[in-house]
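Here is what each chain is made of, one letter per residue.
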Amino acid sequence: MDTRELAKIDLNLLISLQVLLEERNVSRAAERLYITQPAMSKTLSRLRSLFDDPLFTRSSHGMQPTPRADELAQGLSEILAGISHLVSDSHFDPAQCSAEVTLAVSEYIGVTLLPALTARLQAQAPLLHLKIITRVENQLEQLALGNLDFAIHIRQSQYGGDFRIADLGGSPPVLLMRAQHPLSQVPVTETHLGQYPIIRLYVSDREQLDVTPISSSLEEARQWSRGTLEISHLMTAMEVLRNTDYLMPGPAFLLQNESVAQGITAQPFPGAEEISVDYVLVSHHRTANSPMHSWLWEQITCTIRELRPTQPRKLRQRVAAGST
């Protein structure tokens, strides 16, 4: 597109041309545009110069468009309608939306959220393209750059004023293990963390998270543990848990998903029994005026509200029950 040529054009001239094509009369066109007849005649002269064509000729039946004017008329209404749509508040119809939306969400959150969210979106926005990224660092930067539309992650310690944040609730941190693990029936202490290998499930922007007590315990345990396994695939990690004596710190809400947590139990994370790991939905303010993004924001938050039981109390009770 040669924007230099477009910059030379006064788009108001195109509006005037559309009115002239509809009215075929300079005086009536001037009335509709709330200008004087001499001003309308001057505008017509500018149009003739712009298109290098008379555009209209006088006859006993009034102004008649030239072939060039008829040619322009074929696309002018659509062009002006498109411009009007761009500058006006557009009506968003989810059923007709075919845009691509990118959401960053860790696998352990996604396995709980996405089945319900995609079912909701399939019913209301069947043409929507939802792209899920489970492993991405510097998520706030990626939101600002437009590489992400939304991110759901553990609350970070700081957010700038350019971000919109919604609290999604919290979940107590637990130690996940196989049901027959030696620690499944005894209170777990920090000393125990150094006696068994630990799975470290990938968490984006780990160093920026607002979970200092847990991070400190994990780092200490890592130094003294018998070994670690770092992995980004939740299902693989859970299978390793089912077949070994590994321990894995994770959110208690994973126990709600029976297919994922089959054969897995949990114990309270030592020293963090009263701590809740909080999760947030984040977007950048560049999307604040987008009807589509506003609608999706509501769909995500509503889905999470519906999924949330009376937690964290029930989750804490279930974790406590597994340790007796």
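Every value quoted in this text rests on a predicted model; they were computed, and no experiment measured them.

## A short note on the overall build of the chain
Scanning the chain for helices and strands turns up 13 helices and 12 strands. Looking at the chain as a whole, 44% of its 324 residues are labelled buried. Considering only contacts within the chain whose residues lie at least 6 apart along the sequence, 77% involve residues at least 24 apart. For the chain, the accessible area works out to roughly 17600 Å², and carbon and sulfur atoms hold 50% of it.

## Some details on helix α12 (residues 291–307)
Counting along an α-helix, one turn takes 3.6 residues, and residues three or four places apart therefore face a common direction. For α12, which comprises 17 residues, the first-to-last C-alpha distance of 25 Å matches the rise-based estimate of 24 Å (1.5 Å per residue) to within 8%. When we look at burial in α12, the residues that qualify are Met 292, His 293, Trp 295, Leu 296, Trp 297, Gln 299, Ile 300, Thr 301, Thr 303 and Ile 304. Considering only its buried residues, α12 is in contact with β3 (100–105), α6 (107–124), β5 (150–154), β6 (163–171) and β12 (277–284).

## Here we look at the sheet that holds β6
Strands sit in the order β4-β3-β5-β12-β6 across an open sheet of five strands; the sheet is mixed. Strands at the two margins of the open sheet, each flanked by one partner only, are β4 (129–133) and β6. Ignoring strand direction, the axes of neighbouring strands in this sheet form an average angle of 20°. For β6 and β12, the ladder comprises eight bridges, and the chain directions are antiparallel. Considered in β12, the bridge of Ile 165 is made with Val 282. With respect to the sheet, α6 is in contact with β3, β4, β5 and β12, its orientation differing from that of β3 by roughly 150°. Along the sheet face, α12 touches β3, β5, β6 and β12 and points at about 10° away from the line of β6.

## Quick look at the pattern of salt bridges
Summed over the entire model, instances satisfying the criterion amount to 10 salt bridges. Here Asp 167 makes a salt bridge to Arg 155, at a shortest N to O gap of 2.2 Å. Of the two residues, Asp 167 sits in strand β6 while Arg 155 sits in the loop between β5 and β6, which places them 12 residues apart along the sequence. What makes Arg 155 partly exposed here is its relative accessible area of 24%. A salt bridge links Arg 200 to Glu 230; the shortest N-O distance between them is 3.6 Å. Here Arg 200 is found in strand β8 (residues 198–201), whereas its partner Glu 230 is found in strand β9 (residues 228–231), with 30 residues between them in sequence. Of the residues examined, Arg 200 reaches a relative accessible area of 12% and is grouped as buried. One continuous salt-bridge network, built from bridges that share partners, spans Glu 22, Glu 23, Arg 28 and Arg 32.

## Some remarks on the sheet that holds strand β10 (residues 248–251)
An order of β10-β7-β11 is seen for the three strands of this open sheet, with the pairing classed as antiparallel. This sheet does not close on itself; its edge strands, each paired only once, are β10 and β11 (264–268). In this sheet, neighbouring strand axes are inclined to one another by 45° on average, regardless of whether the strands run parallel or antiparallel. The pairing of strand β7 (residues 173–178) with β11 spans five bridges and is antiparallel. When the bridges of β11 are listed, Leu 176 appears paired with Ala 266.

## Digging into the environment of Pro 94
Mapped onto the elements, Pro 94 comes out in the loop between α5 (67–87) and β3. For Pro 94, a relative accessible area of 16% gives the class buried. Sequence separation between Pro 94 and Ala 125 is 31 residues; the distance between their C-alpha atoms is 4.8 Å. Contact partners of Pro 94, with chain neighbours within four places excluded, come to Gln 124, Ala 125 and Trp 295.

What counts, and at which threshold
Residues numbered from 1 in each chain as written. Predicted model: local features only at pLDDT ≥ 70, side-chain atom pairs only at ≥ 80, totals over all residues. Heavy atoms only, no water. Helix = DSSP H or I, 4+ residues; strand = E, 2+ residues; numbered from the N terminus. Buried < 20%, exposed > 50% of the residue type's maximum accessible area, 1.4 Å probe, protein only. Contact = heavy atoms within 4.5 Å. Areas by Shrake-Rupley, 256 points an atom, 1.4 Å probe, with all protein chains shown as cover. Expected span 1.5 Å × (residues − 1). Pairing = 2+ DSSP bridges. Axes fitted to C-alpha atoms, helices over the stretch in contact; angles between N-to-C directions. Salt bridge = Lys/Arg side-chain N within 4 Å of Asp/Glu carboxyl O.

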